[in-house]
Amino acid sequence: MKYNSKNIILIVSFLITSVILQAQTTLFTQTFGSSDIEQVGGLQTNTQQDIFVVGTFGDDFNIGNKTLINNGIADIYISKINTNGETVWAKSAGSNDRDKVTGLQLFEDSILYFSGTFWDNATFDNLSLSATGNALFIAKYDTSGQAIWVEKITGTGLKNIE
């Protein structure tokens, strides 16, 4: 077999990739879920390597040592997992219908913004939103899990954020 520069680059790239892939170490595993639907809508890490996860769940939802009670067809969860894989906090939000979170952004290592949809009346900590039918929302939480504000976006027709 004749080796040209493309073959050598491909072989070296494969060897480097193999070494890198073999060097991966599992730091922890975290099991979460319910007997119904679960969906991750967003995941971010901060500079301390804490993990923030938001998503949607149906039925009662276990995340680490926390259990969230479902209050509708599908609710929203917001959680923080530390570098040891321990759930620091987990909260639920939403209405008595189908709620969904579809995005998460961590800002300046201390503020969480997430967005999604809710139906009729939804609660985020002690903050409430109302709509006729479904509407979009944007929520702002601190990294301690406290709701700072939540706003709805309304209009005509069925709404969804993807």
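Predicted, not measured: the structure shown is a model, and the values here were computed from it. (Residues numbered from 1 in each chain as written. Predicted model: local features only at pLDDT ≥ 70, side-chain atom pairs only at ≥ 80, totals over all residues. Heavy atoms only, no water.)

Each helix and strand in the protein chain was counted, giving one helix and 11 strands. In sequence order, the protein chain lays out its α and β elements as α-β-β-β-β-β-β-β-β-β-β-β. Split into buried and exposed, the 162 residues of the protein chain put 41% on the buried side. Considering only residue pairs separated by 6 or more positions, the protein chain has 44% of its internal contacts joining residues 24 or more positions apart. Here the protein chain displays about 9500 Å² of accessible surface, and carbon together with sulfur accounts for 53% of that area. (Helix = DSSP H or I, 4+ residues; strand = E, 2+ residues; numbered from the N terminus. Buried < 20%, exposed > 50% of the residue type's maximum accessible area, 1.4 Å probe, protein only. Contact = heavy atoms within 4.5 Å. Areas by Shrake-Rupley, 256 points an atom, 1.4 Å probe, with all protein chains shown as cover.)

You can see V88 is positioned in strand β7 (residues 87–94). The spatial distance from the C-alpha of V88 to the C-alpha of D50 is 9.4 Å, given a sequence separation of 38 residues. In contact with V88, not counting residues within four places along its chain, are K66, K80, I81 and N82.

Bringing the packing of aromatic side chains into the picture now. Summed over all chains, the structure comprises eight aromatic pairs. An angle of 25° between the planes, with centres 4.6 Å apart, marks the rings of F61 and Y77 as stacked. Of this pair, F61 sits in strand β4 (residues 61–63) while Y77 sits in strand β6 (residues 75–81), placing them 16 residues apart in sequence. You can call F61 buried: its relative accessible area is 0%. Here Y77 falls in the buried class, since its relative accessible area comes to 0%. With a centroid separation of 4.9 Å and an interplanar angle of 55°, the aromatic rings of F124 and F137 are classed as tilted. (Phe/Tyr/Trp six-rings, centres within 6.5 Å; stacked < 30°, edge-to-face > 60°.)

A separate point is the pattern of salt bridges. It is possible for side chains bearing opposite charge to pair when their charged atoms get close. Enumeration over the complete set of coordinates arrives at three salt bridges. The partner of D50 in a salt bridge is K80, with the nearest N and O atoms 3.8 Å apart. With D50 in the loop between β2 (38–45) and β3 (51–57) and K80 in strand β6, this residue pair connects regions lying 30 residues apart in the sequence. For D50, a relative accessible area of 11% puts it in the buried group. Note that K91 and D125 form a salt bridge whose closest N and O atoms lie 3.1 Å from each other. Taken as a pair, K91 in strand β7 and D125 in the loop between β9 (111–124) and β10 (127–142) lie far apart in primary sequence, 34 residues in all. (Salt bridge = Lys/Arg side-chain N within 4 Å of Asp/Glu carboxyl O.)

Here we come to the environment of K140. With respect to the helices and strands, the residue K140 is situated in strand β10. Using a relative accessible area of 18% as the deciding quantity, one classes K140 as buried. Contact partners of K140, with chain neighbours within four places excluded, come to I111, L112, Y113, Q146, A147, I148 and W149.

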